[in-house]
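# Report on the structure
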Amino acid sequence: MSRTSERALQEPTLLVLTALADEPRHGYAITREVKALSGGRVVLRTGTLYGALDRLLGDGLIEVFREEIVDGRARKVYTLAAPGRERLAVEAERLAATAREARRRLGASGAAAAPA
């Protein structure tokens, strides 16, 4: 198993996979989508983004959808690979379960913690 599938995904990795879940995107579009998904909290620098993309490519979670030349420069467009889609689904369920439990516990403690 890859490093990425052995443990919970770090937020930037989760956001990159999420950004690619609905359509293929090139690096700059991924950066913009991650910023939008995170409400502006996560802004990926170029080196961080391409390091993450290289790691995700190596882990087989994403793949190059196509390569193109735009304004004389090479640009890769990335897409979520089948294992990446599965990994994202598992992570989404893990996060949803944790959120459900947090809400349950907050509700239970909210009644007990109310001032007298």
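Note that the structure is predicted; figures quoted are calculated from it, not measured.

For the pair helix H2 (residues 11–21) and helix H3 (residues 27–37), the least separation of the axes is 9 Å and the interaxial angle reads 110°. Considered as vectors, H2 and H3 are oriented roughly perpendicular to each other. Between H2, through Leu15, Val16, Thr18, Ala19 and Leu20, and H3, the contact on the second element is made entirely by Ile30, Glu33, Val34 and Leu37. Grouping the constituent residues of the contact of H2 with H3 by class yields seven nonpolar, one polar and one charged.

A word on the side chain of Glu68. Relative to the helices and strands, Glu68 is located in strand E2 (residues 62–70). Within the structure, Glu68 has its side chain in polar contact with the side chain of Arg66 (distance 2.9 Å).

On to H3. For H3, the complete set of buried residues consists of Gly27, Ala29, Ile30, Thr31 and Val34. Against the buried residues of H3 lie H2, strand E1 (25–26), helix H4 (46–58) and strand E3 (73–80). With its phi angle positive at about 65°, Gly39 sits one or two positions after the end of H3.

Further remarks concern unusual backbone geometry. Positive phi is not limited to glycine here, since Asp71 has a value of about 55°. Within the element layout of this structure, Asp71 appears in the loop between E2 and E3.

Let's shift gears to the side chain of Arg25. Turning to its location among the elements, Arg25 is positioned in strand E1. A distance of 2.8 Å separates polar atoms of two side chains, one belonging to Arg25 and the other to Asp22.

Now for the environment of Glu91. Tracing the sequence through the fold places Glu91 in helix H5 (residues 82–112). Sequence separation between Glu91 and Ala8 is 83 residues; the distance between their C-alpha atoms is 7.0 Å. Here Glu91 is in contact with Ala8, Leu9 and Leu14, once residues within four sequence places are set aside. At 2.6 Å, the side chain of Glu91 forms a polar contact with the side chain of Arg94.

Taken as a whole and assessed by the stated rule, the structure comprises ten salt bridges. Here Arg104 makes a salt bridge to Glu101, at a shortest N to O gap of 2.6 Å. In this pair, Arg104 and Glu101 are both assigned in helix H5, three residues apart and thus about one turn of the helix distant. Each of Asp22, Arg25 and Glu33 takes part in one network of salt bridges that share partners.

Rules and cut-offs
- Residues numbered from 1 in each chain as written.
- Predicted model: local features only at pLDDT ≥ 70, side-chain atom pairs only at ≥ 80, totals over all residues.
- Heavy atoms only, no water.
- Axes fitted to C-alpha atoms, helices over the stretch in contact; angles between N-to-C directions.
- Helix = DSSP H or I, 4+ residues; strand = E, 2+ residues; numbered from the N terminus.
- Parallel < 35°, antiparallel > 145°, perpendicular 65-115°, else oblique.
- Contact = heavy atoms within 4.5 Å.
- Nonpolar A, V, L, I, M, F, W, Y, C, P; charged D, E, K, R; others polar.
- Polar contact = N/O pair within 3.5 Å; in protein donor to acceptor, adjacent residues only side chain to side chain.
- Buried < 20%, exposed > 50% of the residue type's maximum accessible area, 1.4 Å probe, protein only.
- Salt bridge = Lys/Arg side-chain N within 4 Å of Asp/Glu carboxyl O.

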